[in-house]
Amino acid sequence: MTAERSAPVFELRDGSVRYGTGSVEAVSQVSVQLHRGEILGLVGESGCGKSTTARAMLGLVPLSGGTLLLHGEPVRRHDRRLRRSVQAIFQNPAASFNPKRSLLDSVAEPLRVHGHGTPAERRRRALAELDRVGITEQLAHRRPREVSGGQCQRAAIARATILRPEILVCDEPVSALDVSIQAQILELLAELRAEQGLAMLFISHDLGVVASLCDRTAVMYAGRVVEQGGALDIAHDPRHPYSVMLQDSVPSLDLAAARAPRVQPTPGAEDVDGRQLAGCRFATLCPSVTTACTTSSPPLRQIAPRHEVACVHPFPSTTPRVAAQPSNTV
Ligand SMILES: Nc1ncnc2c1ncn2[C@@H]1O[C@H](COP(=O)(O)OP(=O)(O)OP(=O)(O)O)[C@@H](O)[C@H]1O
Ligand code: SF4
Ligand SMILES: [Mg+2]
């Protein structure tokens, strides 16, 4: 889509984060590009570094390596342009609101901090913003504990968008909500993207949600992006062995049957099984591992238009338009 041909609005380039004095990087050389009007999904198992990537992009944790670029210009994490342009939505909105203040006061707060308008004008704008996300004036006067989780998340979205940021970082924004409420919040995010041309990073455990909402998907494993491409390509034709496992563990996508014959243990897997490897971090679990995977960490490389994989032996495509690979290639 056209959004992808333009220069990225916001980018994390080769970003690494180390917590405390530990020698292990929670994320390692992760590159994420966000284009105007585009939603990038970020998926991967618990602890793989999704929230750390989000925090790095919000300037909440320092980078031990790499660069943040806003409109192609490097920005430091305390830069005011970053705080102004990039806003966040988290899993538990109530935790980020002051429990003693009304939703209205909290949503108007960014306007006050940035010196916009009179108190009456700020109040009017906050009410309009709340109305836009489906919060009535009556609800706006309540405190966070006096509304539902979905209503609180709507108010959090109003607060995040009231200064018209260009970028929204959403870390599991619907994971704590009922399925029916999830759908409403996802619809709201999609509307905001369309209306305001927002670029979004959308973190989720739910691959079905990511496939339906996002334009592109990046799959993380052990602190690295191991595959990225069009959201439908990643959902229906994953090529990295970890992405295949991740998709196969989601029965709702019903892809397991189509994929079963592709996983073929390779001679040499036992040589490295159970050992800490210098090479690919997925090697100890990978059914396709060979000794070639253990020498160095495979970088992302393009294997199809708009589709990159960090793997020595990516699976062949299952997409019919790409010539089917013979299965006797072991
Ligand atoms: N404040 C912290 N101090 C030390 N280590 C941390 C801290 N926050 C996260 N980590 C570690 O960094 C790694 C990545 O954590 P992160 O929270 O980014 O994962 P995640 O993909 O968001 O997981 P989840 O899906 O459970 O939210 C994990 O090994 C985690 O234990
Ligand atoms: S590089 Fe090797 S071990 Fe790593 S995912 Fe690919 S095939 Fe498996
Ligand atoms: Mg997380």
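Quick caveat: nothing in here was measured; it's all calculated off a predicted structure. (Residues numbered from 1 in each chain as written. Chains lettered and ligands numbered in written order. Predicted model: local features only at pLDDT ≥ 70, side-chain atom pairs only at ≥ 80, totals over all residues. Heavy atoms only, no water.)

K.L.:
Let's hear about the sheet that holds strand 3 (residues 39-43): which residues, and what values?
P.N.:
Taken in spatial order, the eight strands of this open sheet run 6-7-8-3-9-10-12-11, and their pairing is mixed. Taken across any chain shown, the strands that pair with only one partner, and hence form the sheet edges, are strand 6 (86-89) and strand 11 (301-304). On average, each strand axis in the sheet is inclined to that of its neighbour by 25°, with strand direction left out of account. Where helix 2 (residues 50-57) meets the sheet, its contacts fall on strand 3, strand 6, strand 7 (167-171), strand 8 (199-203) and strand 9 (216-221), and the angle it forms with strand 8 comes to roughly 150°. Helix 12 (residues 241-248) rests against strand 3, strand 9 and strand 10 (224-230) of the sheet, and its axis sits at about 105° to strand 9. (Pairing = 2+ DSSP bridges. Helix = DSSP H or I, 4+ residues; strand = E, 2+ residues; numbered from the N terminus. Axes fitted to C-alpha atoms, helices over the stretch in contact; angles between N-to-C directions. Contact = heavy atoms within 4.5 Å.)

K.L.:
Any details on the site of ligand 1? Residues and values, ideally.
P.N.:
Near ligand 1 you find 13 residues, and of these S46, G47, K50, S51 and T52 are the closest. A distance of 2.5 Å separates an oxygen atom of ligand 1 from a polar side-chain atom of S46. Between ligand 1 and C48, the relevant distance is 3.3 Å, taken from an oxygen atom to a main-chain nitrogen or oxygen of the residue. Take the shell around ligand 1: its biggest share by element is four residues, from helix 2. (Near = heavy atom within 4 Å. Polar contact = N/O pair within 3.5 Å; in protein donor to acceptor, adjacent residues only side chain to side chain.)

K.L.:
For the packing of helix 5 (residues 103-113) against helix 6 (residues 119-132), give the residues involved together with the corresponding values.
P.N.:
Put simply, helix 5 and helix 6 touch, their axes get as near as 9 Å, and they point 120° apart. As the angle between them shows, helix 5 and helix 6 are arranged oblique. As for how helix 5 packs across helix 6, the hand of that crossing is right-handed. Counting all contacts with helix 5, which are made through L104, V107, A108, L111 and R112, the residues of helix 6 involved are R122, R123, R125, A126, L127 and L130. (Parallel < 35°, antiparallel > 145°, perpendicular 65-115°, else oblique. Left-handed = near helix turned anticlockwise from the far one by under 90°.)

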